[in-house]
Amino acid sequence: MVPILLYIGLSATGFAGEVRMALRFVDLHTHSTASDGSLTPSCLVKKAHSLGLVALALTDHDTLEGLNEAETEAETLKAAHPDVPFEFVRGCELSARCGPAEAHILGLWIDRDEAKLDGLKKKLLEVQAQRFMRNAAIAEKLQSLGLGVRLEDIEALAGGEIVARPHFAAQLLRIGAVKSTREAFEKYLGYKGAAYVPRELMKPEEAVSLLAECGATVALAHPMLMRCPIEELDKLITRLKFYGLNALEAYHSEHGAADERICVELAVRHGLLLSGGSDFHGESKPLVKLGKGHGSLRVSKAVLERLKQERRERGLSF
């Protein structure tokens, strides 16, 4: 059984109002216009600060593009409001293929030293090239279905380095081909959709290694969304820990209380830390609120402090 003090210390989900008031909260999984979010990196930081979050991690898909902008905004806000606690965490989210499922790997505290980022940046260039080919194939399929979707229009809509399926969904909405993002994925972009194109993804071991090598704290994002048997998840965690996995993202918008308990138990069993975040995207996931998920998510500052403590013990910076 998981010690109850561990669980209370790391999540405020479901506890009384007075306990919530005594805690401060963080969000360690968010996305901006640098990938498939709808807020610019600086606007995302401003929103987190205005909501009273004491820490925010920007973890865009397959890119580091928005980190400097977000970090600059965070420093500006701290200078303007020195009495308001706020930390910015440089992050990234990599997608990997794990059998029939995808494993998403988060890196927190990505190093600023360009020399340490060389391997990661080279791989990101490969990933982005593969994304371009996939996006071109999706656009071609949509055109063959009689839909006026051009890749250059999608790229203009995205505005950032990464173009992803949510951008195609937004364009389909814009031209009136669908009435909702959900319909866009069900009819065209999802696994069973008419314009679906599979992704070429790295192995999860490679994703973990790349992030660990550049000094990041590495977490397996929303493990329960992989929908694999617990025994298989347990084996995956065992393998990934060998390559540098540090934490499990127990607290997530799509994790219920039972999911959280399983993640905590797995973390205890494997000697891993816990992480958590909303996976905020903005307009493409309008029901997921920054720092709150679907409304009940709360990730306490204790989660952040434990992750930082572990980094100090390894001689790593923030």
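What counts, and at which threshold
Residues numbered from 1 in each chain as written. Predicted model: local features only at pLDDT ≥ 70, side-chain atom pairs only at ≥ 80, totals over all residues. Heavy atoms only, no water. Buried < 20%, exposed > 50% of the residue type's maximum accessible area, 1.4 Å probe, protein only. Helix = DSSP H or I, 4+ residues; strand = E, 2+ residues; numbered from the N terminus. Pairing = 2+ DSSP bridges. Core = buried A, V, L, I, M, F, W, Y, C linked by side-chain atoms within 4.5 Å. Contact = heavy atoms within 4.5 Å. Axes fitted to C-alpha atoms, helices over the stretch in contact; angles between N-to-C directions. Salt bridge = Lys/Arg side-chain N within 4 Å of Asp/Glu carboxyl O.

Caption draft 1: Layout of the pairing of strand 3 (residues 87-98). In terms of burial, strand 3 is a largely internal element, 10 of the 12 residues being buried. The sheet contact formed by strand 2 (residues 55-58) and strand 3 spans four bridges and is parallel. If you follow leucine 58 over to strand 3, its bridge partner there is arginine 90. Of the strand pairs in this sheet, strand 3 and strand 4 (residues 101-108) are connected by eight bridges, and their pairing is antiparallel.

Caption draft 2: Highlighting the nonpolar core. Of all hydrophobic cores here, the largest spans 71 residues; its most connected members are Leu28, Ile110, Leu120, Leu220 and Leu245. Not counting residues within four places of it along the chain, the set of residues in contact with leucine 245 comprises Val208, Val218, Ala219, Leu220, Ile237, Leu240 and Leu272. Listed in part, the 18 residues of the second largest apolar core include Leu151, Ala158, Val178 and Ala195.

Caption draft 3: Representation of the environment of glycine 119 within the structure. Counting through the fold element by element, glycine 119 comes out in helix 5 (residues 118-144). You can call glycine 119 partly exposed: its relative accessible area is 37%.

Caption draft 4: Representation of the sheet that holds strand 2 within the structure. If you walk across this open sheet you meet the seven strands as 1-2-3-4-5-6-7, and the pairing is mixed. Of all the strands in the sheet, just strand 1 (26-27) and strand 7 (273-277) have a single pairing partner and so form its edges. Summarising the sheet, strand 6 (residues 247-252) and strand 7 pair through five bridges and their orientation is parallel. Paired with tyrosine 251 across the strands is glycine 276, a residue of strand 7. Helix-sheet contacts for helix 4 (residues 67-80) involve strand 2 and strand 3, and the interaxial angle to strand 3 is about 155 degrees.

Caption draft 5: A look at the pattern of salt bridges. Per the stated rule, a full pass over the model turns up 21 salt bridges. For the salt bridge of glutamate 126 with lysine 123, the shortest nitrogen-to-oxygen distance reads 3.3 Å. Residue glutamate 126 and its partner lysine 123 are located together in helix 5, separated by three residues, close to a single helical turn. Judged by relative accessible area, glutamate 126 falls into the partly exposed class, the value being 42%. For the salt bridge of glutamate 205 with arginine 239, the shortest nitrogen-to-oxygen distance reads 2.9 Å. Of this pair, glutamate 205 sits in helix 9 (residues 204-213) while arginine 239 sits in helix 10 (residues 230-243), placing them 34 residues apart in sequence. With a relative accessible area of 15%, glutamate 205 lands in the buried category. Salt bridges here are not isolated pairs; linked through shared partners, they connect Asp62, Arg131 and Arg199.

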